[in-house]
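In case you want the letters, here they are:
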Amino acid sequence: EMIKKLTDKVFEDTANDIKSKLKELINYSYISFRMLPNEKDDIYKNVSIYINDGIESQLSEKGSGLQSALIIGLFSYYCSKLHKCNSLLAVEEPELFLHPHARRMLSNKLDEFVSLDDNYKNQVIITTHSQEFIRNTEIENIIVVRKPEGTSETKTFSLTNNERTIQEIQKIKQLLWSKNSELFFADKVILVEGGEEYIIPLIADFIFEQTGILDKRNISVVKVGGKSQFGIYMALLRDLGIDYFVIADFDYLENGLEQIAEYIDGFNYNALSEIRAGLQKYKGDYKKSKEIRKKILDPNQADAKKLCYILDDMCAKREFNEDLISLWEYLRPKISKKTNYNDIKGDEELKMKVDRFLDHLLDNNVMILKKGELEDYYKDLARELTKEVKGKELKVLKLLEIVSHKRYNISDLLDISDYKEAILRVTETK
């Protein structure tokens, strides 16, 4: 009993420090350090840690997640009190046996360790398969380690130390971390603009008659948040040695495609200019275009006000706001007509130029949807079933619900021909 009291006194500061650091992470009543009597001279070598998380027992008898969290807490305490110099903490798969919330909390604790002392620079190295442990770090700190199939050697990839690329990636950081961080663990990534994020896995399952076929092949479908972001993701994936395939709406031909020219071998700027000039005459005659623009940009109109609010919010936070995409999808058709491949079918010369250009893009893993955008691939049945649904993404989710209830196959609702070709190319299936 005397030893217990003395031990509690000796370790009081340690126990309180660890409990305060880990109280958000794990649920327990108390932690105590105890000396197990042995030979008098080496009694201090037999310190054991006890935790009461409903049942009091030694740390070694607790779950691996709790053990990992506590060991990291102990090391952090040791470095702050006794190791007054640069410290390195290396952890293998800290996510094991922790639920997502606890993983994020533990990730925060690792960040705190890095900045433990202003006078010394601590470092953390972790190996992980968990998205939660890369969300808090800077992208340039991430190293992807791969073992190419058929080899016994590993290769490492990291972001090129290019200031322009890093600055561009900062623009998508919020979206990348909140929704798309799984791409760091993928073997291949399909980059899309919108609802294809939900539709492509469904089409793949239908084609291969298997559930979760893309997951089985470690292929991710990533919504980039607007066609202007394709180039940023392509730069990131290229540096990390991850194969990618882009699926973009037809209007990418008219605006923005040159932004990814550096990723297309032999990109033909002259051909693109000729195609754009040819598409102009199929834009349609909007006699009331001035009136429409005036109405949309009138500050007294609800749409104009909403646009201003979103842009103000983006400027203030310097972060991309996905609401802008939804609003622009609503406003854009009112300002100018989008063209698609069907508009030029009677113009053989222009059609030939477009075909040649699109085939070259396809050889460089970029597919332009000839019909226009996802909604243009809806069959009459899909339009009928979603006519009461407002919003493009909600329509897509409605189609997913219908297919999940096995009322129809995805091919009954969509023309899947172009998407099928893209999926077969990505999966390298002929």
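This text follows the structure it describes.
A few points on the structure.

Cut-off values and rules
Residues numbered from 1 in each chain as written. Predicted model: local features only at pLDDT ≥ 70, side-chain atom pairs only at ≥ 80, totals over all residues. Heavy atoms only, no water. Helix = DSSP H or I, 4+ residues; strand = E, 2+ residues; numbered from the N terminus. Buried < 20%, exposed > 50% of the residue type's maximum accessible area, 1.4 Å probe, protein only. Contact = heavy atoms within 4.5 Å. Polar contact = N/O pair within 3.5 Å; in protein donor to acceptor, adjacent residues only side chain to side chain. Salt bridge = Lys/Arg side-chain N within 4 Å of Asp/Glu carboxyl O. Disulfide = S-S within 2.5 Å.

1. Things to note about the environment of Glu393
Inference 1: Within the secondary structure layout, Glu393 lies in helix H16 (residues 392-404).
Inference 2: According to the relative accessible area criterion, Glu393 is partly exposed, its value standing at 34%.
Inference 3: Through-space distance from the C-alpha of Glu393 to that of Glu196 is 9.5 Å; in sequence the pair is 197 residues apart.
Inference 4: The contact partners of Glu393, leaving out residues within four places of it in the chain, are Tyr198 and Lys223.
Inference 5: A polar side-chain atom of Glu393 sits 3.2 Å from a polar atom in the side chain of Tyr198.

2. Describing the pattern of salt bridges
Inference 1: All chains considered together, the criterion is met by 21 salt bridges.
Inference 2: A salt bridge links Lys227 to Glu193; the nearest nitrogen and oxygen atoms lie 3.2 Å apart. On the criterion of sequence distance, the pair formed by Lys227 in the loop between strand S9 (219-223) and helix H9 (230-239) and Glu193 in the loop between strand S8 (188-192) and helix H7 (196-208) is long-range, its members being 34 residues apart. Residues Lys227 and Glu193 agree in their burial class; the two are buried.

3. So, the state of the cysteines
Inference 1: As enumerated under the stated definition, the model contains zero disulfides in all.
Inference 2: With no disulfide partner, Cys79 has as its closest neighbouring cysteine sulfur the one in Cys85, 8.1 Å distant.
Inference 3: A residue is classified by how much of its surface remains accessible, and Cys79, at 6% relative accessible area, is buried.
Inference 4: Judged by relative accessible area, which is 34%, Cys85 ranks as partly exposed.

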